[in-house]
There are 2 protein chains.
Amino acid sequence: MIKIGLLGLGTVGSGVYRIIRDNKESIEQKVGTELEIEKILVNDLNKKRDVEFDNELLTDQADDILEDPNINLVVELIGGEKPAYQYVMEAINNKKSVITANKLIIAKYGSEILKAASQNNVQVSFEGSVAGGIPIIRPLKESLVASNIKNIYGILNGTTNYILTKMTEEEKEFKEVLKEAQDLGYAESDPHSDISGLDAAYKIAILSSITFETYVDINSVYSEGIEEITLTDIQLADELGYVIKLLAIGKKEENGIDIRVHPAFISKSHPLALVNGVYNAIYLHGDIVGDIMSYGKGAGQMPTGSAVVADIIQTAKDIHYNRPNIYADKSSLEHEIIDIEKVKNLFYLRILVNDKPGVMSEVTGILGKNQVSLASVLQKHRLTPVVPLVLITHPVLEENLNNALKELKTLKNVKSIENVIRVVEDF
Amino acid sequence: MIKIGLLGLGTVGSGVYRIIRDNKESIEQKVGTELEIEKILVNDLNKKRDVEFDNELLTDQADDILEDPNINLVVELIGGEKPAYQYVMEAINNKKSVITANKLIIAKYGSEILKAASQNNVQVSFEGSVAGGIPIIRPLKESLVASNIKNIYGILNGTTNYILTKMTEEEKEFKEVLKEAQDLGYAESDPHSDISGLDAAYKIAILSSITFETYVDINSVYSEGIEEITLTDIQLADELGYVIKLLAIGKKEENGIDIRVHPAFISKSHPLALVNGVYNAIYLHGDIVGDIMSYGKGAGQMPTGSAVVADIIQTAKDIHYNRPNIYADKSSLEHEIIDIEKVKNLFYLRILVNDKPGVMSEVTGILGKNQVSLASVLQKHRLTPVVPLVLITHPVLEENLNNALKELKTLKNVKSIENVIRVVEDF
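Residues numbered from 1 in each chain as written. Chains lettered and ligands numbered in written order. Predicted model: local features only at pLDDT ≥ 70, side-chain atom pairs only at ≥ 80, totals over all residues.

On to the overall build of chain A. On a plain count of helices and strands, chain A comes out with 14 helices and 17 strands. In terms of overall dimensions, chain A is globule-like: its C-alpha atoms have a radius of gyration of 24 Å, near the 22 Å expected for 427 residues. The dimensions of chain A, computed from C-alpha atoms along their principal axes, are 80 × 45 × 35 Å. Classification of the 427 residues of chain A by burial places 50% in the buried group. In chain A, the proportion of contacts linking residues at least 24 apart, taken out of those at least 6 apart, comes to 75%. (Helix = DSSP H or I, 4+ residues; strand = E, 2+ residues; numbered from the N terminus. Rg over C-alpha atoms; globule rule 2.2 N^0.38 Å. Buried ≥ 20, exposed ≤ 12 C-beta atoms within 10 Å, placed from the backbone. Contact = placed C-beta atoms within 7 Å.)

Residues and elements named next belong to chain A. Taken together, six strands build an open sheet; the order of strands is E3-E2-E1-E4-E5-E6 and the sheet is parallel. Because the sheet does not close on itself, it has two edges, and the strands there are strand E3 (58-59) and strand E6 (124-125). Inspection of the sheet shows strand E4 (residues 73-76) paired to strand E5 (residues 97-100) by four bridges, in the parallel sense. Within E5, the position partnered with valine 75 by the bridge is isoleucine 99. (Pairing = 2+ DSSP bridges.)

Once that is clear, we can look at the sheet that holds strand E5 (residues 97-100) of chain B. Whenever strands of a sheet pair, they do so through backbone hydrogen bonds, lying parallel or antiparallel. Residue and element names in this part refer to chain B. One open sheet holds the six strands; their spatial order is E3-E2-E1-E4-E5-E6, and the pairing between them is parallel. Either end of the sheet is taken by a strand with one partner, and the two such strands are strand E3 (58-59) and strand E6 (124-125). With six bridges connecting them, strand E1 (residues 2-7) and strand E2 (residues 35-41) associate as parallel partners. Along E2, the bridge assignment pairs isoleucine 2 with leucine 35.

Residues and elements named next belong to chain A. Along the polypeptide, valine 343 turns up in the loop between helix H12 (301-320) and strand E13 (344-354). When the C-alpha atoms of valine 343 and valine 396 are compared, they prove to be 8.1 Å apart, with 53 residues separating the residues in sequence. When neighbours within four sequence positions are excluded, valine 343 is seen to be in contact with Asp258, Ile338 and Glu398.

With 14 residues, helix H10 (residues 198-211) of chain B ought to run about 20 Å at 1.5 Å a step, and its terminal C-alpha atoms sit 20 Å apart, in line with that. Across the 14 residues of H10(B), 13 count as buried, placing the element largely inside the fold. (Expected span 1.5 Å × (residues − 1).)

Our focus in this paragraph is the relation of the copies chain A and chain B. For the pair chain A and chain B, the superposition axis carries a translation of 0.0 Å, the fit reaches an RMSD of 0.0 Å, and the rotation angle comes to 180°. In the structure described here, the two chain copies are related by an operation that fits a two-fold rotation axis. Across chain A, the smallest distance between a C-alpha and the rotation axis is recorded for A:Ser294, namely 2.2 Å. The share of interface residues of chain A whose copies in chain B are also at the interface is 100%, consistent with both copies meeting through the same surface. (Least-squares fit on C-alpha atoms with pLDDT ≥ 70 in both.)

All names here are of chain B. Packing of helix H13 (residues 359-369) against helix H14 (residues 398-410) brings their axes to within 8 Å, and their N-to-C directions diverge by 150°. When the axes of H13 and H14 are compared, the pair comes out roughly antiparallel. Where H13 crosses over H14, the handedness of that crossing is right-handed. Judged by residue contacts, Val363, Ile366 and Leu367 of H13 engage Ala404, Glu407 and Leu408 from H14. Class assignment for the residues of the contact of H13 with H14 results in five nonpolar, no polar and one charged. (Axes fitted to C-alpha atoms, helices over the stretch in contact; angles between N-to-C directions. Parallel < 35°, antiparallel > 145°, perpendicular 65-115°, else oblique. Left-handed = near helix turned anticlockwise from the far one by under 90°. Nonpolar A, V, L, I, M, F, W, Y, C, P; charged D, E, K, R; others polar.)

We now examine helix H14 (residues 398-410) of chain A. Residue and element names in this part refer to chain A. Compared with an ideal rise of 1.5 Å per residue, which puts 13 residues at 18 Å, H14 spans 19 Å between its outermost C-alpha atoms and is within 8% of the ideal. When we look at burial in H14, the residues that qualify are Leu401, Ala404 and Leu408. In an axial view of H14, the angular spread of the buried residues amounts to 60°, which keeps them on one side of the axis. Exposed and facing more than 90 degrees away from the buried side of H14 are Lys406, Lys409 and Thr410. Taken together, the buried residues of H14 touch E13, helix H13 (359-369), strand E16 (396-397) and strand E17 (414-423). (Arc of directions from axis to C-beta.)

This part covers the interface of chain A and chain B. If you look at the interface, chain A gives 41 residues, while chain B gives 41 residues. Elements with a contribution of two residues or more to the side of chain A that touches chain B: helix H6 (137-142), strand E12 (290-297) and H12 of chain A. Residue contributions to the side of chain A that touches chain B peak at nine residues, all from H12(A). For the side of chain A that touches chain B, the per-class residue count stands at 22 nonpolar, 11 polar and eight charged. As paired strands, E12(A) and strand E12 (residues 290-297) of chain B are joined by five bridges and run antiparallel to one another.

Residues and elements named next belong to chain A. Within the element layout of this structure, leucine 397 appears in strand E16. Separated by 13 residues in the primary sequence, leucine 397 and threonine 384 place their C-alpha atoms 33 Å from one another. Contacts of leucine 397, omitting those with residues within four sequence positions, involve Lys342 and Lys344.

Okay, the nonpolar core next. By size, the foremost hydrophobic cluster in this structure holds 273 residues, and its most contacted members are A:Leu6, A:Val75, A:Ile204, B:Leu6, B:Val75 and B:Ile204. Apart from the residues within four sequence positions on either side, B:Leu6 is in contact with B:Gly13, B:Val16, B:Tyr17, B:Ile37, B:Ile40, B:Leu41, B:Val75 and B:Leu77. (Core = buried A, V, L, I, M, F, W, Y, C linked by C-beta atoms within 7 Å.)

What follows deals with unusual backbone geometry. The amide bond that connects A:Lys82 to the next residue, A:Pro83, takes the cis arrangement and shows omega of 0°. Along the polypeptide, A:Pro83 turns up in the loop between E4 and helix H4 (84-93). Despite not being glycine, B:Glu213 has its phi angle at roughly 50°, a positive value. As for its position among the elements, B:Glu213 is in the loop between H10 and strand E8 (222-223).

All names here are of chain A. As far as domains go, chain A holds domain 1 (2-132 + 301-320), domain 2 (137-297) and domain 3 (340-423). A C-alpha centroid distance of 27 Å is found between domain 1 and domain 2. Listed as interface residues are 14 residues of domain 1 and, on the opposing side, 15 residues of domain 2. At seven residues, the largest contribution of residues to the side of domain 1 that touches domain 2 is made by helix H5 (residues 103-119). Residue classes in the side of domain 1 that touches domain 2 are distributed as seven nonpolar, four polar and three charged. (Domains from an automatic or database assignment.)

A separate point is the pairing of E1(B). Residues and elements named next belong to chain B. Within E1, five of the six residues are buried, which leaves the element mostly enclosed by the surrounding structure. Where E1 lies against strand E4 (residues 73-76), four bridges are found, and the strand directions are parallel. Paired with leucine 6 across the bridge in E4 is valine 75.

The subject of this paragraph is the packing of helix H2 (residues 24-31) of chain A against H12(A). Residues and elements named next belong to chain A. Direction vectors running N to C along H2 and H12 enclose 45°, while the axes themselves pass 9 Å from each other. The angle between H2 and H12 places the two elements in the oblique class. Note that H2 runs across H12; the crossing there is right-handed. Every residue of H12 that contacts H2 at Ile27, Lys30 and Val31 is listed here: Ile313, Ala316, Lys317 and His320. Here the contact of H2 with H12 is composed, by residue class, of four nonpolar, one polar and two charged.

Our next topic: the pairing of strand E17 (residues 414-423) of chain B. Pairing analysis gives two bridges linking strand E10 (residues 256-267) of chain B to E17(B), with the strands arranged parallel. Paired with B:Ala264 across the strands is B:Arg422, a residue of E17(B).

All names here are of chain B. Among the structural elements, methionine 360 can be located in helix H13. Since 15 C-beta atoms lie within 10 Å of it, methionine 360 is described here as partly exposed. Along the sequence, methionine 360 and valine 390 sit 30 residues apart, while their C-alpha atoms lie 11 Å from each other.

In structure tokens:
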């Protein structure tokens, strides 16, 4: 018999409780033994809840779970840093295996947590922390182990993908769609963590650290959000054969790990281009397996609940069969994170210039001087006396582009740099 | 130490040998013990091979592997029914775990093989038998277990997907592209198994039997190939907002399992529509997890080798840690396979009729009488005195449609039923 302590009974917590309650028999058949939720930690014992259960199960004292020697599996679904991290460490130190969907603590403290688990010979699983219902962490550890994965491209945040999709489909501006998404519950009232790219940064940090077997300092991950994307950019992308997505990228390079989150132009013919709405996807390239993509719902009560319950089944089975901890932490500090300034990308530039002879040559002159060469030039919607110039560069070091942009801004005939968006073509 | 006997050293066999040789250290680190290929069964000991190895490893006597008590893991990569099936059973009965990429024997004898494995307390894994490098069998068994999967839609055959993609992109007819594919090695010289849908039928039978925990009689799986698809159909599909794919479908219905392989119109905006060339994909819907898609290379030395080696690592680990057989056969005979005549689909019909007044009303009259109602009608390329009529129906029972078609053929003004292709919209 496996006894579970559940920390937290919010959206995902209630989902997990329900899935286990409604599928008890088939889950126990898969585990090979009985499974029981012994205690649930909540903040408020008297709060009305939309799941029905025995009130005896509830406690507001974490130690009723963390110090109970009968509980061998702790499921942390509180979220956030405190007190989740402390609870997880205490559970591990009390020889309990842990399952969590908490991207923040795994991204920030994954290395310490896995080390402690290894020392205490217990397991820590966190499939629900990245891309909700999409099986990715276990496949990376089990099914794709024969391949050396070189790079990961992910659409890892449902809120921003929903916003970009709606802007594209309904031809609306960012702010309008954000408000609608908030009204519909697809975006938080404080949407900062999603729209700034931070949420995706946590997730790509977790995927990169597993895939490249390295420690990733979350503070070194470059992240740029979608706040500056306008409908004009989306429409120009469309004309040029692209869609705009918030991409999370992790790549193993000779000189370190290139890891970053930013909006990107991607070709309409790439499989990631059809990942719309709240869906997430992860696109990988491995030396042996080639290209692989997984697609599914990236968040929500049930998709994330499904991932957590799958972890519960596997871990319970491992406890039942007394299988040792097999995913020791292999991260090390040997890989540096490459500064974004040293990364090469293609860029889309939208610039407003005065409609005067010689302006184009001034602009391309400065670009050329900084090693920025152009793949295509689009001059549209002539609004004399000002002309919007749309440029796509060849691959160029970000620092060279930044130098060029700095110089361009000093030109009298350049009215403004309207937007700069990376173009990703090296999938 | 885990000792492996390899049956077969063809394309995938050499790939597996190479992957293990080139990644020995990292694989052994993952397994937790040493791994050694002890013997390799080949047909011809003297054949020239493009991998280099100690000739002592080779044998042409299967018993050198099957009867060697030191070998605890047998990897069957001979393919085909005989003698692969006998070897696999003998290995299991000699208490050896087995890994195979043989879709034929798993589709035909999976139930017996898994039962024997269970009785002998050994494991049988076959990730490489479906969709090459795409992790799907293990995720179905481990990561998606919390969900009740309702349906599976797969593009499971690379050859046919390559042919359909080329026909679409290069506006060529089936026969021309088939010949090119044969010249390039993407299609066999005898392409029957691929283009008839049989190969995909084996694979959807395997996926359905795992997903729906049922025995699937491969002979009851309806399969229809791509030989009759013309460039005209592809172009009309495009005009109507669809692409044509060879779909393998498995659905759990109230009255049984709906399992079939046939070409299908699918919407251009569906994620499967961008699965092109030799790529495969599997699209699932689960009650809890929602929609999930996995995409990758479906065949080839390295993708399939990657799946086989992942199975080797997992099984070797399970042997090393003395973990019992955990995937007992759960198939039963309780689910009937639904006859295709009793399945509802939308249909695309391309009919040549005489350009005479009243013909349209004759045609729609017969359709209506047989419960076939129309969603859209396209009348194009008027070539008096004959007009091509392109119809898309609402969902209709296949037997009703067949009755209607039979009647239509008797009309003097219907010159020919050029093609009938199912339209899949209920993803």
